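Chains, contacts and geometry: an overview
This is what each chain is made of:
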Amino acid sequence: MDPTQDVDAVARSIRDMSIRGAGMIARSASSAISAYAGSWQGTNEREFLDELQRIARMLYSTRPTAVSLRNGILMTLRGVESEKDVPSMRERIARQSKEFTESAEMAREGIAEIGSKRIPKGSAVLTHCNSMAALNTIKKAFEDGRVEMVFSTESRPWRQGHVTARWLLDNGIPVTMIVDSAVRHFMRDIDIVVVGADTISANGAVINKIGTSQIALAAHESRVPFIVCAETFKFSRETLLGSLVEIEDRGPVEVADPMKPSDFKGARILNPVFDATPPEYIDAIVTEIGIVSPYMATEVIREMFEMEGPVTLEKRRSRINWL
Ligand code: RUB
């Protein structure tokens, strides 16, 4: 079996959203790279590195906004070029992929444990889109007797809110489904907003599903706490080095009637699927290493840098530009 086919299939599934959510796409890409490396037949290290770079870039191109995808790929491939031959490169990739996926699972549990305590007893919680980091936190809080009701937004255009509502029902958690535009109307009934993140930038802004920033604004107006549940691999080093987060636009079909797009001939249709919530509207970011203020984002990013040791000029030069 051609290993490229598996990677192509994972890339397609991420693109068409059969695999979605920032944490899940990162874990899937990491596992796909590991499976690809494990079944690569060649013996030439240079060719192997070139192939790895090609599939890394291909996987990364599927969803440009989630830095989790980038970080997952980089953590899986870190230091591969320093290995002496193809078998040790393969082994390193398999080990790093396992480490990444296991630590990502553990991070979610840690976040739930920590975040649950921030949800007041008897709360009505509002969540947006479908974040497993947020939902596991809400579930833990429910088990701890803190949650009475979860308001789940529809999350247009893709309606990830339906996935959330079904998951809550499956877990025996009471759910109220509302459309996105009803958020401000219901804010008086909400005790806390809990959402996830695709990317957290160095200035503390949280990039999450489109509409998150409007919810944060409404929560701020009503003095309702707004917390974000996110693993540390959702913090973006690139933003510390000056890059801006690219906001994915998924095209007109999800907005116009998919059966009759020609009804809207001539209309300009925009479909940005993420937005940025500024730090002043965020009360706390719950990570596996603890609660951090959005204004501490730079410190979290620096800690991630240090995990790789100091960045010397020599190291920078010898490093492969994977993405
Ligand atoms: C999903 C979304 C989620 C974050 C966090 O968007 O915005 O809130 O990805 O999810 P999409 P998680 O459906 O477009 O991927 O906590 O599961 O990583």
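Residues numbered from 1 in each chain as written. Predicted model: local features only at pLDDT ≥ 70, side-chain atom pairs only at ≥ 80, totals over all residues. Heavy atoms only, no water.

Further remarks concern the domain arrangement of the chain. Each domain of the chain was delimited in the assignment, giving domain 1 (4–109) and domain 2 (117–305). Each of domain 1 and domain 2 was reduced to a C-alpha centroid, and the two centroids are 26 Å apart. Taken together, the contact pairs 20 residues of domain 1 with 28 residues of domain 2. A buried area of about 2000 Å², summed over both sides, lies between domain 1 and domain 2, and 56% of it is on carbon and sulfur atoms. A per-residue breakdown of the area domain 1 buries against domain 2 is headed by Arg20, Thr65 and Arg108, which together make up 31% of the total. Our count for the contact surface shared by domain 1 and domain 2 stands at two salt bridges. With a shortest N-O distance of 2.8 Å, Glu248 and Arg63 are connected by a salt bridge. At the surface where domain 1 touches domain 2, the tally comes to eleven residue pairs in polar contact (both at pLDDT 80 or more). Sorting the residues of the side of domain 1 that touches domain 2 by element identifies helix H2 (22–38), helix H4 (67–77) and helix H5 (86–116) as the ones contributing at least two each. Of the residues forming the side of domain 1 that touches domain 2, the biggest block, five residues, is contributed by H4. (Domains from an automatic or database assignment. Contact = heavy atoms within 4.5 Å. Buried area = accessible area lost by both parts, 1.4 Å probe. Salt bridge = Lys/Arg side-chain N within 4 Å of Asp/Glu carboxyl O. Polar contact = N/O pair within 3.5 Å; in protein donor to acceptor, adjacent residues only side chain to side chain. Helix = DSSP H or I, 4+ residues; strand = E, 2+ residues; numbered from the N terminus.)

Moving on to the environment of Ser39. Structurally, Ser39 can be placed in the loop between H2 and helix H3 (45–60). Between the C-alpha atom of Ser39 and that of Thr4, which follows or precedes it by 35 residues, the distance is 9.5 Å.

It is worth spelling out the sheet that holds strand E9 (residues 284–287) at this point. Pairing is mixed across the open sheet formed by seven strands, whose spatial order is E3-E2-E1-E4-E7-E9-E10. Single-partner strands in this sheet number two, and they are strand E3 (175–178) and strand E10 (290–292). With strand direction ignored, the average angle separating the axes of adjacent strands in the sheet is 25°. Bridge analysis of strand E7 (residues 226–229) against E9 gives three bridges, and the strand direction is parallel. When the sheet's bridge partners are listed, Cys229 is paired in E9 with Val286. Seen against the sheet, helix H9 (residues 212–221) touches strand E1 (123–127), strand E2 (147–153), strand E4 (192–195) and E7 and runs at an angle of roughly 145° to E7. (Pairing = 2+ DSSP bridges. Axes fitted to C-alpha atoms, helices over the stretch in contact; angles between N-to-C directions.)

What follows deals with the pairing of E1. Most of E1 sits inside the fold, with five of its five residues counted as buried. Judged by which residues are buried, E1 turns out to be covered on both faces: Ser123, Val125 and Thr127 on one side and Ala124 and Leu126 on the other are all buried. In this sheet, E2 lies alongside E1 in parallel orientation, the contact comprising five bridges. Among the inter-strand pairings, Leu126 is bridged to a residue of E2, identified as Phe151. Handedness of the E1-helix H6 (residues 132–143)-E2 crossover: right-handed. (Buried < 20%, exposed > 50% of the residue type's maximum accessible area, 1.4 Å probe, protein only. Right-handed = clockwise from strand over helix to strand, strands pointing away.)

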